[in-house]
Amino acid sequence: MEINLLRRRECGAGWAVDVSLPRVLTLAELEQLAASHHGTCRVFHTLVWIDLPWGRVVASTVTTRLTLRLHQHHDRILDYLHHLPL
């Protein structure tokens with residue numbers, strides 16, 4: 001899957017990176033992302049928070065954007081997203 005990094009900004013002790021994807025991720029894909037990286041997934045309507053040991057991913061089940069607020073390991077999440085099917 002093609003990933004576009006939209007913006008990177010300082011956020012607390014780490015960085016926030018806004019990412020645009022070519023399609024909306026399903027709730028099942030977001031839950032799998034959390035499980036495969038030892039995280040937990042919380043859902044409120046269409047918003048999804050994935051709490052990881054090293055930060056948080058904020059996503060939606062209706063938009064193609066998500067935000068990575070991680071202290072480290074951005075590359076792990078981006079690599080995971082890159083390998084998802086279109």
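Residues numbered from 1 in each chain as written. Predicted model: local features only at pLDDT ≥ 70, side-chain atom pairs only at ≥ 80, totals over all residues. Heavy atoms only, no water.

(A) View of the overall build of the protein chain. A tally of regular secondary structure across the protein chain gives 2 helices and 6 strands. In the protein chain, the succession of α and β elements from N to C terminus is β-β-α-β-β-β-β-α. For 86 residues, the compact-globule estimate of 2.2 N^0.38 gives 12 Å, and the C-alpha radius of gyration of the protein chain, at 12 Å, lies within 12% of that figure. For the protein chain, the residues scored as buried account for 37% of the 86 residues in total. Put simply, of all contacts in the protein chain between residues at least 6 apart along the chain, 42% involve residues at least 24 apart. Of the roughly 5,100 Å² of accessible surface on the protein chain, 54% is carried by carbon and sulfur atoms. (Helix = DSSP H or I, 4+ residues; strand = E, 2+ residues; numbered from the N terminus. Rg over C-alpha atoms; globule rule 2.2 N^0.38 Å. Buried < 20%, exposed > 50% of the residue type's maximum accessible area, 1.4 Å probe, protein only. Contact = heavy atoms within 4.5 Å. Areas by Shrake-Rupley, 256 points an atom, 1.4 Å probe, with all protein chains shown as cover.)

(B) Summary view of the sheet that holds strand S1 (residues 4–11). The strand order across the open sheet formed by 6 strands is S1-S2-S6-S5-S4-S3, and the pairing between neighbours is antiparallel. Of all strands in the sheet, those with a lone pairing partner are S1 and strand S3 (40–44), marking the two edges. Taken pair by pair, the neighbouring strands of this sheet meet at an average axis angle of 15°, ignoring direction. For strand S5 (residues 55–60) and strand S6 (residues 65–70), the ladder comprises 4 bridges, and the chain directions are antiparallel. Among the inter-strand pairings, Val-58 is bridged to a residue of S6, identified as Thr-67. Along the sheet, helix H1 (residues 27–36) makes contact with S3, strand S4 (47–52) and S5, crossing S4 at roughly 10°. (Pairing = 2+ DSSP bridges. Axes fitted to C-alpha atoms, helices over the stretch in contact; angles between N-to-C directions.)

(C) Spatial organisation of the environment of Glu-2. As for its placement among the helices and strands, Glu-2 is situated in the segment before S1. Beyond its immediate sequence surroundings of up to four residues, Glu-2 is in contact with Ser-20, Leu-21, Pro-22 and Leu-86.

(D) Examining H1 more closely. Here H1 has its buried residues at Glu-29, Leu-30, Leu-33 and Ala-34. Across the axial projection of H1, the buried residues extend over an arc of 140°, all falling on one side. Those residues of H1 that are exposed and aimed more than 90 degrees away from the buried face are Ala-28 and Ala-35. Turning to H1, the residues buried within the fold contact S3, S4, S5 and helix H2 (74–82). Looking at the residues trailing H1, positive phi occurs at His-38, about 60°. (Arc of directions from axis to C-beta.)

Geometric values such as these leave the question of function open.
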